[in-house]
Amino acid sequence: MSLKLKDILKDESNQGKIEHLPVFKLPEKLRKNEQIHGSVTVGLKAPHPNTTEHNIVWMSIYFLPEGADFPYQILRISYDAHGASVKGGDTSGIYSDAELCFTLRTATSGTLYCASYCNIHGLWNTSVPLILEDEEEKE
Ligand SMILES: [Fe+2]
């Protein structure tokens, strides 16, 4: 039996003691065609561990405009430093943490998605509505 991508994506129903869900932070007011400065971190109450053995490897953000057939990839970022050096794991003291900032402009409201990949616990995703203030006024 082969699983589809949707079958291996984890969400809030899979959340355990170690938090894996990407958490979006967006400005309160979002306006059509104006820059939206957002950020994402993994874990709401505590950041995900970042050690050579256990870490977030990458995150990707996608935007699905209302009425669109497919999402647009906004960014993809990899976290490549997890403490390893020639002396072994967790010896370098150098770590790239699973956080990111992004800037997006859109003429249409829609849904933002973030996927994050943990090297031990797999592929996680979260989504948030992105509602443009200008479009709310139209309704
Ligand atoms: Fe993990």
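Given the structure is predicted, the values throughout are model-derived calculations rather than measurements.

**Some thoughts on the overall build of the protein**
In step 1: The secondary structure content of the protein amounts to two helices and seven strands.
In step 2: Expressed as a percentage of its 139 residues, the buried residues of the protein come to 34%.
In step 3: Pairs at least 24 apart in sequence give 60% of the contacts found in the protein among residues at least 6 apart.
In step 4: As displayed, the protein has an accessible area near 8,800 Å², and 51% of this comes from carbon and sulfur atoms.
In step 5: Between the averaged position of the 13 positive side-chain charges in the protein and that of its 19 negative side-chain charges there is a distance of 3 Å.

**Brief notes about the coordination of the iron ion**
In step 1: Around the iron ion, the protein supplies His20 (NE2), His48 (NE2), His54 (NE2), Cys118 (SG) and His121 (ND1) as donor atoms, at distances of 2.1 to 2.3 Å.
In step 2: For the iron ion, all donor residues lie on one chain, and their spacing in sequence is H-x27-H-x5-H-x63-C-x2-H. Taken together, the residues His48 in the loop between β2 (36–42) and β3 (56–65) and His121 in the loop between β6 (110–118) and β7 (122–130) connect sequence positions 73 residues apart.
In step 3: We classify His121 as partly exposed; its relative accessible area is 26%.

**Quick notes on the packing of aromatic side chains**
In step 1: For the coordinates displayed, the defined rule picks out three aromatic pairs.
In step 2: Centroid distance Phe24 to Phe102: 6.2 Å. Interplanar angle 85°. Geometry classified as edge-to-face. Taken together, the residues span a long stretch of sequence, with Phe24 in strand β1 (residues 22–25) and Phe102 in strand β5 (residues 99–104) at a distance of 78 residues. Comparing Phe24 with Phe102 shows no difference in burial state: the two are buried.
In step 3: On the basis of an interplanar angle of 45° and a centroid distance of 5.3 Å, the ring pair of Phe70 and Tyr72 is categorised as tilted.

**Remarks on the sheet that holds β7**
In step 1: If you walk across this open sheet you meet the four strands as β4-β3-β6-β7, and the pairing is antiparallel. Where the open sheet ends on each side, the last strands, each with one partner, are β4 (72–78) and β7. Taken pair by pair, the neighbouring strands of this sheet meet at an average axis angle of 15°, ignoring direction.
In step 2: Note that β3 and β4 share six bridges and pair antiparallel. Of the residues in β4, the one forming a bridge with Met59 is Ile77.

**Description of the sheet that holds β2**
In step 1: Strand order in the open sheet formed by three strands is β1-β2-β5, and the pairing between neighbours is antiparallel. Two strands bound the open sheet, and with one partner strand each, they are β1 and β5. Neighbour to neighbour, the strand axes of the sheet diverge by 25° on average, direction disregarded.
In step 2: Pairing geometry for β2 and β5, over six bridges, is antiparallel. Paired with His37 across the bridge in β5 is Thr103.

Conventions used here
- Residues numbered from 1 in each chain as written.
- Predicted model: local features only at pLDDT ≥ 70, side-chain atom pairs only at ≥ 80, totals over all residues.
- Heavy atoms only, no water.
- Helix = DSSP H or I, 4+ residues; strand = E, 2+ residues; numbered from the N terminus.
- Buried < 20%, exposed > 50% of the residue type's maximum accessible area, 1.4 Å probe, protein only.
- Contact = heavy atoms within 4.5 Å.
- Areas by Shrake-Rupley, 256 points an atom, 1.4 Å probe, with all protein chains shown as cover.
- Lys, Arg positive; Asp, Glu negative; His and termini not counted.
- Charge placed at Lys NZ, Arg CZ, Asp CG, Glu CD.
- Donors = N, O, S within 2.8 Å, 3.2 Å for Na, K, Ca; no water.
- Phe/Tyr/Trp six-rings, centres within 6.5 Å; stacked < 30°, edge-to-face > 60°.
- Pairing = 2+ DSSP bridges.
- Axes fitted to C-alpha atoms, helices over the stretch in contact; angles between N-to-C directions.

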